[in-house]
Amino acid sequence: MKKYLYGFQVFFLNSVQYRFNTVIHLLFGNLSLLVTLFFWVLIFNGNFGTSIKGFTLSSTITYFIVSNILSKFTLQGSGFYYTTMIKSGGLGPVLLKPYHLEWSVYVQQLAANITGILPQVGFILVALPFIAGFLTWQMTAFNLLFILLFIVIASITSHLLWSIFGFMAFWMEEATAVMWSLAVLLNMAMGMYIPLDFFPKGWLSVLEKMPFSAWGYLPSKIYLGLLPIEKQLQLLWIHLSWIVILCVLHRFVWKAGLKRFSSVGG
């Protein structure tokens, strides 16, 4: 375990040394959030007294700020890492190294994503004195515990699912293009553009039980106090079950892919 913790430290320090990337995260990461907030202010017509699907303008602004930050624990990069390694032939030498590749990729992507969070959190902290009056403050110790649990679950399930997507490169020449298409669909399904409550009730019942709902939507709803304790416990067990399911599927697809792999190129 020590070598993976050391690896996390190395990957984190490696990420923060590229200051230009930090500026890019600061500008474009917050730009998409500002555009989304502006869109929803127009929908509510700037009226803080209006409620749509249980959301007021204040809770909607809070939802997107919180979900935007928490979604950074979605390790989408794991899939693109595997795709690149498979297609370049670089996976072969890595498999011979004395560590578990899966853990290494996980800590690498987690370190990179946490680096991406820092500029956004800094931006929000600077803006907080000006926007605090427009936000909803519903944090409790119990909700904080469940938010942390879902953050851990989100990092694991997103890593596993995106890794499985990355394994498509064992069978496909252009897996990256497919993965970018999946990214758009999953961003919608995880509530990045619109809270899942705005979907038809039948769809909501299904979507909130899918692994990607924990990547931003569920912890944001918990923060807002819009998810009853009984529902939190039920969904927690469902999403813990997804970890087991995805681990089994991940191992199966990985072994099947390795049988087709031939190390060429880099």
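Details of the structure are given in the entry above.
Values in this document were obtained by computation on a predicted structure and should not be read as measured data.

Student: Help me out: how do you make sense of the overall build of the chain in this one?
Tutor: A count of helices and strands for the chain gives 11 helices and two strands. A burial count over the chain gives 47% of its 266 residues as buried. Considering only contacts within the chain whose residues lie at least 6 apart along the sequence, 79% involve residues at least 24 apart.

Student: Help me out: how do you make sense of a nonpolar patch on the surface in this one?
Tutor: Together, M139, L144 and L148 give the surface a local cluster of nonpolar side chains, amounting to about 260 Å² of exposed area. On the secondary structure map, M139 appears in the loop between helix 6 (101–131) and helix 7 (141–166).

Student: Whenever I open this one, helix 4 (residues 77–88) confuses me. Can you help?
Tutor: Its 12 residues place the ends of helix 4 16 Å apart at the C-alpha level, agreeing with the 16 Å of an ideal helix rising 1.5 Å per residue. Looking at the buried side of helix 4, the elements it contacts are helix 5 (91–95), helix 6, helix 7, helix 8 (175–189) and helix 11 (229–258). Downstream of helix 4 by one or two residues, G89 has phi in the positive range, about 85°.

Student: Can you help me understand the side chain of K221 in this one?
Tutor: Assignment of secondary structure puts K221 in helix 10 (residues 217–223). Residues in contact with K221, not counting those within four places in the same chain, are F55, D197, L226 and L227.

Student: Just to check I follow, could you spell out the packing of helix 7 against helix 8 for this structure?
Tutor: In helix packing, the relevant descriptors are the interaxial angle and the interaxial distance, both defined with respect to the helix axes. In the contact formed by helix 7 and helix 8, the axes pass within 10 Å of each other and the chain directions differ by 150°. Classified by the angle between their axes, helix 7 and helix 8 sit roughly antiparallel to one another. In terms of crossing hand, the pair formed by helix 7 and helix 8 is right-handed. Across from W162, F165 and G166 in helix 7, the residues of helix 8 making contact are M179, L182, A183 and L186. Taken together, the residues of the contact of helix 7 with helix 8 sort by class into six nonpolar, one polar and no charged.

Student: I tried to follow the packing of helix 4 against helix 6 on my own but got confused; where do I start?
Tutor: Orientation of helix 4 relative to helix 6, taken along the N-to-C sense of each, is 125°, at an axis distance of 9 Å. It follows from the interaxial angle that helix 4 and helix 6 lie oblique. Seen from above, helix 4 lies across helix 6 with right-handed handedness. Note on element contacts: helix 6 touches helix 4 through L101, E102, V105, Q108 and Q109, opposite G77, S78, Y81 and Y82. For the contact of helix 4 with helix 6, the class distribution of residues is four nonpolar, four polar and one charged.

Student: Would you take a moment to explain the pattern of salt bridges for this structure?
Tutor: Two side chains carrying opposite charge are able to pair once their charged atoms lie near each other. In the structure shown here, the tally under the stated rule is two salt bridges. We note a salt bridge from K221 to D197, for which the minimum N-O separation is 2.7 Å. One end of the pair, K221, is in helix 10; the other, D197, is in the loop between helix 8 and helix 9 (201–207), and 24 residues separate them in sequence. K231 is paired through a salt bridge with E208; the nearest N and O atoms lie 2.9 Å apart. A residue pair is termed long-range when its members are at least 10 positions apart, and K231 in helix 11 and E208 in the loop between helix 9 and helix 10 qualify at 23 residues. On the basis of relative accessibility, which here comes to 6%, the residue E208 falls in the buried class.

Student: What should I look at first to understand the nonpolar core in this one?
Tutor: Note that soluble globular proteins tend to have their nonpolar side chains buried in a common cluster. Counting 72 residues, the largest nonpolar core has I65, L91, L101, F150, W162 and W215 as the members making the most contacts within it. If one sorts the elements of this core by residue count, helix 7 sits on top with 11 residues.

Rules of the game
Residues numbered from 1 in each chain as written. Predicted model: local features only at pLDDT ≥ 70, side-chain atom pairs only at ≥ 80, totals over all residues. Heavy atoms only, no water. Helix = DSSP H or I, 4+ residues; strand = E, 2+ residues; numbered from the N terminus. Buried < 20%, exposed > 50% of the residue type's maximum accessible area, 1.4 Å probe, protein only. Contact = heavy atoms within 4.5 Å. Patch = residues over 30% accessible without salt bridge, like charges linked within 9 Å, V, L, I, M, F, W, Y side chains within 5 Å. Areas by Shrake-Rupley, 256 points an atom, 1.4 Å probe, with all protein chains shown as cover. Salt bridge = Lys/Arg side-chain N within 4 Å of Asp/Glu carboxyl O. Expected span 1.5 Å × (residues − 1). Axes fitted to C-alpha atoms, helices over the stretch in contact; angles between N-to-C directions. Parallel < 35°, antiparallel > 145°, perpendicular 65-115°, else oblique. Left-handed = near helix turned anticlockwise from the far one by under 90°. Nonpolar A, V, L, I, M, F, W, Y, C, P; charged D, E, K, R; others polar. Core = buried A, V, L, I, M, F, W, Y, C linked by side-chain atoms within 4.5 Å.

That's the geometry; what it means functionally is another story.
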